[in-house]
Structure formats: structure tokens, C-alpha cells
Amino acid sequence: MVTTLPAAAAAQTGPWRADVLDQVARLTDLEETAVEQMRAEVLGAPTPGVVAYGEYQSGGWWTTALMNMSGDPHDVVIGDGRPRPTSLLKQMPATAAFLDSLGLTFMYVRLARLEPHSYLWEHRDYAELRDTGRHRLHVPLVTNPSAVLVTAGARVHMAAGSLWRLTPSQAHGVCNTTGPDRLHLIADVYADDAYEALAARPHLHDGDAADLPEMTAADRAGLLATAGQLADLGFTDAAEQTLLRAFYTYALPEGGAYDLIADLHTARRADTDVSRWREAKAHLLAR
Amino acid sequence: MSTLVSEPGELPAIEELAHAHRPAQLAVLGDLARTLSATTAVTHLLVRGSLATGTADRLSDVDLVVAARDETLPALMGSLDALMATTFGALLPGWRDTIVGDLGGAGFVYLLPYDGHLLQLDLYLCPTSAVEALRLRIGPRLLWQGPGADDLADADTRARTAQDLALAAQAPADCGALLVQAMVLHAMLRKRLARGQQYIAYGLLHDLHVTLREVIRTALVPYSRHHGWYHLPDEVGRTATGRECLVELTEALTGPPVPTVAQADEVLERIVRLAQRIAPHAVASLADEITAYRAYQQHEEGLA
């Protein structure tokens with residue numbers, strides 16, 4: 001199912017910053033037939049999934065478990081353990097065969113659907129889990145150019161056809177601005193020799209990633225003015241969302257979008273909202 | 001996208017069924033009403049078109065009139081794109097509707113992704129002081145009326161708002177706005193073709209051709225003192241690029257007056273292709289939106 005990375009692939013790595021490559025990278029190309037079979041199974045899955053981790057998102061992030069501790073596909077809060085196939089995975093033979101072919105030690109496997117106009121705000125994962133070596137693998141099955149991961153001040157589109165590795169313990173966010181739906185198979189795996197072999201040659205192709213621009217003082221003032229006007233009109237949620245999206249447009253310092261919202265509410269003397277967003281920043285970034 | 005309409009409580013089974021299968025337009029209308037009625041800037045929400053008359057079908061748009069207090073209308077108009085993007089996921093900035101009649105305000109068309117489709121929202125923003133005249137003229141159905149809706153602004157405020165509306169209407173469209181216009185008109189055209197409404201399709205194809213002309217003129221002769229179809233060869237044809245653009249324009253104009261869907265698609269692709277050449281920054285800034293727009297239209301084709 002997994003094709004060996006040709007030697008020439010090393011030349012495709014490009015001059016990407018080490019911090020970006022550490023956080024998100026292609027590991028290997030996948031056989032087109034296997035991806036197509038999995039795509040067909042996923043699109044035909046009988047459940048849309050359930051919403052979890054609501055505090056991390058704008059809405060629109062649906063997950064369905066394929067391997068977990070209970071075997072219930074709607075039990076989607078990840079945790080440590082030795083998972084077993086859910087009832088859904090038992091109906092998806094191509095996907096099950098693909099996972100089996102990887103030879104990895106799985107912690108949790110799920111399908112994730114991100115609807116159009118949906119955002120996972122800047123956050124860190126794994127903070128609540130025990131301290132052991134683990135990694136997150138992504139298999140993009142349906143995607144579009146506006147579906148990107150932002151991390152380390154870069155915007156990365158995880159293209160279909162490859163197995164990707166994400167380091168979710170670093171601050172990151174995901175969005176699907178325009179749609180259609182983005183569908184990824186996500187596997188959290190424990191570090192072992194099989195994983196190390198699979199992950200030996202992380203790389204990015206030309207066009208996978210782009211640096212985001214720095215936010216200028218004028219950009220910042222313009223955004224705050226837009227958000228302030230929305231808030232003055234009574235559209236506080238829209239004002240906050242306008243600023244949260246700055247994370248996907250500009251290379252901000254960690255938590256910078258949350259700071260913008262706190263600044264907005266400070267200017268409006270909305271102390272409760274300032275406190276709420278400072279707490280959200282600490283929680284989402286696991287500080 | 002969440003829905004406004006609350007879950008049915010003790011409804012009979014038939015009503016629960018009707019609620020579960022209500023048209024997507026009603027769900028979106030509910031969301032719009034919930035959001036827009038939450039601000040004191042808005043005084044009336046009115047619905048018109050097929051949703052008001054009960055003749056909506058799967059392709060119908062949402063026709064909403066939003067009346068805003070005269071003094072807050074300019075701010076609401078300036079915030080509309082940000083509101084529609086953040087709260088309703090509008091695919092594109094609003095297109096300033098030049099088809100709708102003058103009802104004392106300003107019309108905007110948005111394309112909203114909803115359940116795998118693009119739903120068209122025609123939002124007409126008017127000052128509260130103009131809402132009674134609008135109701136008499138087009139007879140929309142009242143959806144919601146806020147407190148103080150009968151408090152009218154003084155003459156100075158009304159005059160300032162009217163001036164802001166006039167200035168906004170005169171603002172020239174840049175190539176980005178023209179690309180948005182092209183996609184919105186193309187979506188409208190495809191809908192009319194699907195319904196077999198050839199006369200409206202003829203008009204919309206003409207509007208698309210005008211958009212093609214305006215992309216060419218705006219990109220190549222941004223300070224033109226001429227308008228419409230006048231002096232194109234003199235102004236645009238001065239350069240080799242301009243002459244090539246005019247060849248493209250001529251080719252587009254020699255197609256049938258009522259196109260097939262494929263021919264309508266060709267016109268849009270021609271506009272995007274030409275813009276890529278003469279206004280590449282405009283295309284780059286909308287690259288994801290153009291890709292997504294095509295994907296939604298392909299999805300519709302698959303359903304058809």
C-alpha cells in the first residue's frame with residue numbers, strides 16, 4: 001500500500017525551514033488505487049460523525065472513530081491504550097487493509113471531516129495525555145486548496161496521495177475556508193521502529209507550503225477597526241472570528257490572534273471578555 | 001452551518017417530517033434572521049421572491065430585505081462582507097447587485113456554501129426611512145420588526161445616508177470585484193438555463209460579456225474616460241496584448257445569444273483566463289475561491 005520514497009524525492013524537499021519540516025511533512029507517497037478505495041469507503045460511510053472538542057473550533061469539525069478502546073465509532077475523544085477496530089472500520093475493508101499494511105502501533109484512528117467555512121483555532125494537542133513518544137499521521141482523502149494547516153508562520157496544504165506527519169504538540173490550526181468538505185484519515189501512533197522507518201525521510205514538495213506575511217501596524221489597525229465596527233453593531237461573535245482568522249493570514253507570534261481579541265475587548269472595556277479570551281489562550285495553547 | 005429554526009417539540013409526526021425536510025433556503029433564512037435581528041441597527045427584515053410566495057424550488061435564492069436605521073446603515077454596509085464571511089461562510093465578497101431595481105438602498109448578492117451546494121442570497125439593504133415606500137412598491141412579507149422601527153431619522157441624517165449610498169454606487173469595480181461579478185452572474189445564468197428561462201439567460205449572458213469587456217478595460221486602460229462599448233479599439237487596441245484581448249472579446253460575442261451550460265462555462269473560463277494574463281494579482285487573490293466555485297458547479301453537474 002505504501003510506496004517506497006525514491007531517492008530523487010530528497011531533491012523535492014526544498015529549502016523549507018527546519019521548524020516547518022519538524023511540524024508537518026510528507027513521509028511517503030501512497031498507491032493511488034489504495035487512496036481511491038479508501039476515499040470511496042469514506043464517502044459512503046453511514047455516519048457524518050460527531051462534533052467533539054468544541055472549544056477548539058468554529059464548528060464544522062466532525063470525527064468518527066475507526067480504532068478506539070470501545071469499538072464505538074461515535075466515541076471520539078482520543079486517549080491512550082491499545083485500540084480495536086470500531087464497527088465502522090469493520091465495514092471498510094480497504095481502509096482496514098491499508099492501516100494493517102503500515103505495521104504501526106496505533107493509539108487512535110479516526111476520520112475527520114472539516115466542513116466549508118470551518119476553523120480549528122490555534123492550539124496544541126496531546127497535553128492531556130501521558131508523556132510518551134507518539135506521532136500523528138494524516139491521509140488526505142478529499143481536499144481543496146483552501147484547506148490548510150498553519151504552523152510556525154507557514155501555511156501548508158496537505159495534498160492527497162501522500163502520508164503526512166504532523167507534530168500536534170506544537171501550536172497549529174486548521175481551516176477549510178471555501179470548501180467543499182475536507183476529509184482526512186488521522187492516525188495517532190506510538191513511536192517504534194516501524195514508525196521510525198516510515199518517517200525516515202520527511203520532506204515537502206514545491207508548493208506544499210508558503211510563508212505567511214508579517215502583520216504590519218496598518219494591517220493590525222485595519223483588522224481591529226473592522227472587528228470594532230462589527231462589535232459596535234452588536235456582532236461580537238463575528239468581530240472575534242474576524243480576529244481569530246488573522247492566524248491563517250499572517251505570521252503571528254504564538255497566541256497572537258487571541259491577544260488581538262483581548263485588545264479589542266480591552267478597548268471596549270469589556271473586562272469579562274478580556275479575561276475569557278486570556279483563559280482560552282492558556283487552555284488552547286496548553287500553557 | 002447551524003440552523004435557527006428550533007427543534008420541534010410536540011409536533012405531530014407530519015410536521016416533524018416537514019421540519020426535517022424544509023428547504024435549505026428556509027434554514028439559511030432562519031440563520032440570517034437570528035443574526036440580523038440581534039443588532040439594534042436593524043429595524044425590519046422582509047422576505048420577497050419565491051420564499052415569500054411559497055413557490056421556491058431547490059434552485060431558488062433567498063431574497064431578503066434588511067432595513068437599517070439611517071444613521072447606522074453606512075457602518076452596516078461597510079461590515080456586511082466581514083459579517084457574511086465570518087457568520088455565513090460566504091464564498092465571495094458581496095457582488096453589488098446592478099440587476100435589482102433602485103428601492104432606496106443597495107443590493108448585494110452572496111454565494112453561500114450549504115450542504116455541498118452554493119445557495120444564492122440576494123440581500124437588499126435599505127434605510128428604515130425608505131422601508132415603507134419599498135413595501136408599497138414590491139410587497140414583501142414582513143419576517144421581523146424590531147423595537148423602535150417606526151422612529152425615523154431626521155432629514156440631515158437621511159440626506160447623509162442617501163449620499164453614502166450614492167457614493168458607494170458610483171465606486172468603480174476593480175478586477176477582483178469584476179471576477180466576483182463574473183462568478184455570481186455565471187451562477188445565476190446556470191440556474192436560469194437549468195430552468196429553461198431563455199430570456200433571462202440571454203440577459204445574463206450579455207451581462208457576462210459586459211463583465212469580460214470591463215475586465216479588459218479596467219486592467220489595460222484603468223483611467224479610461226469612455227464607458228460602455230465606445231472607443232474600445234482606440235483605447236484597448238493600442239497594444240498587442242490589447243488587440244489579443246479584443247480578439248477574445250469578439251469571439252465571445254459571436255457565440256449564440258442563449259448559451260448552453262457548456263458555452264456559459266466557456267465565457268467564465270475566458271474571463272478567468274484573460275484576467276490571469278492581464279490582472280494576475282486579482283486572480284491570485286481569489287485563487288482558492290475560483291477553485292472552490294468550479295468544484296461546487298461540478299458537484300451540481302454530477303447531481304444533474
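Computed from a predicted model, the values in this text were never measured in an experiment.

## Thoughts on the overall build of chain A
Consideration 1: If you tally the helices and strands in chain A, you get nine helices and 13 strands.
Consideration 2: The globule rule puts the C-alpha radius of gyration for 287 residues at 19 Å, and the 19 Å found for chain A is close to it.
Consideration 3: Seen through its principal axes, chain A has C-alpha atoms that stretch 55 × 45 × 35 Å.
Consideration 4: Counting over 287 residues, chain A shows a buried share of 46%.
Consideration 5: At a minimum sequence separation of 6, the contacts of chain A that also span at least 24 residues come to 75%.

## Considerations on the environment of Leu 179 of chain B
Consideration 1: Within the secondary structure, Leu 179 of chain B is located in helix H7 (residues 175-195).
Consideration 2: Sequence-distant contacts of Leu 179 of chain B, defined by excluding residues within four places in its chain, comprise Ala 275, Ala 282, Val 283 and Leu 286 of chain B.

## Some words on the packing of helix H5 (residues 217-232) of chain A against helix H6 (residues 236-244) of chain A
Residue and element names in this part refer to chain A.
Consideration 1: For the pair H5 and H6, interaxial distance at closest approach is 7 Å and the crossing angle is 165°. Regarding the angle of H5 to H6, the classification is roughly antiparallel. Once H5 is placed against H6, the crossing between them reads as right-handed. For the pair H5 and H6, contact is made by Leu 223, Thr 226, Ala 227, Leu 230 and Ala 231 and by Thr 236, Ala 238, Ala 239, Thr 242 and Leu 243, respectively.
Consideration 2: For the contact of H5 with H6, the per-class residue count stands at seven nonpolar, three polar and no charged.

## What about the pairing of strand E5 (residues 105-114) of chain A?
Within a regular beta strand, the side chains point alternately toward one face of the sheet and then the other, so they alternate between its two faces.
Residues and elements named next belong to chain A.
Consideration 1: Counting buried residues along E5, eight of its 10 residues qualify, which places the element largely inside the surrounding structure.
Consideration 2: Where strand E3 (residues 61-68) meets E5, six bridges bridge the pair, whose relative direction is antiparallel. Bridge pairing links Trp 61 to Leu 114 in E5.
Consideration 3: Note: E5 against strand E12 (residues 182-190), nine bridges, orientation antiparallel. Among the inter-strand pairings, Leu 114 is bridged to a residue of E12, identified as Arg 182.

## Side note on the sheet that holds strand E13 (residues 209-211) of chain A
Residue and element names in this part refer to chain A.
Consideration 1: A sheet is described by the order of its strands in space; here five strands give the open sequence E6-E11-E8-E9-E13, paired in antiparallel fashion. A strand with exactly one partner marks an edge of an open sheet, and here the two such strands are strand E6 (118-123) and E13. Across the sheet, the mean angle from the axis of one strand to that of its neighbour is 20°, orientation sign disregarded.
Consideration 2: Examined bridge by bridge, strand E8 (residues 147-151) and strand E11 (residues 172-176) share five bridges and lie antiparallel to one another.

## Topic: the domain arrangement of chain B
The accessible area lost on association of the parts is a frequent measure of interface size.
Residue and element names in this part refer to chain B.
Consideration 1: Segmenting chain B into domains produces domain 1 (13-170) and domain 2 (175-303).
Consideration 2: The interface of domain 1 with domain 2 comprises 12 residues on the first partner and 14 residues on the second.
Consideration 3: Secondary-structure elements contributing two or more residues to the side of domain 1 that touches domain 2 are strand E4 (106-114) and strand E5 (117-127).
Consideration 4: The residue makeup of the side of domain 1 that touches domain 2, split by class, is nine nonpolar, three polar and no charged.

## Re the domain arrangement of chain A
All names here are of chain A.
Consideration 1: According to the domain assignment, chain A contains domain 1 (7-211) and domain 2 (217-284).
Consideration 2: Each of domain 1 and domain 2 has a C-alpha centre, and these two points are 29 Å apart.
Consideration 3: Each partner contributes residues to the interface: domain 1 has 12 residues there, and domain 2 has 10 residues.
Consideration 4: Mapped onto the side of domain 1 that touches domain 2, the elements with two or more residues apiece are E6 and E11.
Consideration 5: Looking at which element gives the most residues to the side of domain 1 that touches domain 2, the answer is E6, with four residues.
Consideration 6: In terms of residue class, the side of domain 1 that touches domain 2 is made up of six nonpolar, four polar and two charged.

## A few points about the interface of chain A and chain B
Consideration 1: Listed per partner, the contact involves 19 residues of chain A and 26 residues of chain B.
Consideration 2: Put simply, the parts of the chain that give the side of chain A that touches chain B at least two residues each are H5 and H6 of chain A.
Consideration 3: Residues belonging to the side of chain A that touches chain B are distributed by class as follows: seven nonpolar, 12 polar and no charged.

## Notes on the pairing of E11 of chain A
Residues and elements named next belong to chain A.
Consideration 1: The buried fraction of E11 is high, at five of five residues.
Consideration 2: Because side chains alternate across E11, one face comprises the buried residues His 172, Val 174 and Asn 176, and the other comprises Gly 173 and Cys 175, equally buried.
Consideration 3: Examined bridge by bridge, E6 and E11 share four bridges and lie antiparallel to one another. Its bridge partner being in E11, Ser 118 is matched across the sheet by Asn 176.

## Quick word on unusual backbone geometry
Glycine aside, residues mostly have negative phi, and peptide bonds are mostly found in the trans state.
Consideration 1: Between Gly 179 of chain A and the following residue, Pro 180 of chain A, the backbone shows a cis peptide bond with an omega angle of 0°.
Consideration 2: By secondary structure assignment, the location of Pro 180 of chain A is in the loop between E11 and E12.
Consideration 3: A positive phi is found at Arg 269 of chain A, a non-glycine position, where the angle reads about 60°.
Consideration 4: Inspection of the secondary structure puts Arg 269 of chain A in the loop between helix H8 (256-267) and helix H9 (271-284).
Consideration 5: Residue class for Arg 269 of chain A comes out exposed when judged on the 8 C-beta atoms lying within 10 Å of it.
Consideration 6: Positive phi, normally seen in glycine, also occurs at Asp 115 of chain B, with a value near 55°.
Consideration 7: Positionally, Asp 115 of chain B belongs in the loop between E4 and E5.
Consideration 8: Taking the C-beta count within 10 Å as the criterion, Asp 115 of chain B has 11 such neighbours and is therefore assigned exposed.

## Regarding the confidence of the model for chain B
Parts of the prediction with low pLDDT should not have their coordinates interpreted in detail.
Residues and elements named next belong to chain B.
Consideration 1: Chain-level pLDDT for chain B is 93 on average; 96% of the residues reach the 70-or-more range.
Consideration 2: When the criterion is pLDDT under 50, residues 1-6 qualifies, and its contacts beyond four places in sequence or with other chains add up to 14 contacts.
Consideration 3: Reported confidence for the predicted complex is 0.90 by ipTM and 0.91 by pTM.

## Description of the sheet that holds E4 of chain B
Residue and element names in this part refer to chain B.
Consideration 1: A sheet is described by the order of its strands in space; here six strands give the open sequence E3-E4-E5-E2-E1-E6, paired in mixed fashion. Each of the sheet's edge strands pairs with one partner strand only, and the pair in question is strand E3 (95-96) and strand E6 (141-145).
Consideration 2: Pairing of E4 with E5 involves nine bridges; the strand directions are antiparallel. Opposite Pro 113, over in E5, you have Leu 118 as the bridge partner.

Scoring rules and cut-offs
Residues numbered from 1 in each chain as written. Chains lettered and ligands numbered in written order. Predicted model: local features only at pLDDT ≥ 70, side-chain atom pairs only at ≥ 80, totals over all residues. Helix = DSSP H or I, 4+ residues; strand = E, 2+ residues; numbered from the N terminus. Rg over C-alpha atoms; globule rule 2.2 N^0.38 Å. Buried ≥ 20, exposed ≤ 12 C-beta atoms within 10 Å, placed from the backbone. Contact = placed C-beta atoms within 7 Å. Axes fitted to C-alpha atoms, helices over the stretch in contact; angles between N-to-C directions. Parallel < 35°, antiparallel > 145°, perpendicular 65-115°, else oblique. Left-handed = near helix turned anticlockwise from the far one by under 90°. Nonpolar A, V, L, I, M, F, W, Y, C, P; charged D, E, K, R; others polar. Pairing = 2+ DSSP bridges. Domains from an automatic or database assignment. pLDDT = per-residue confidence, 0-100.

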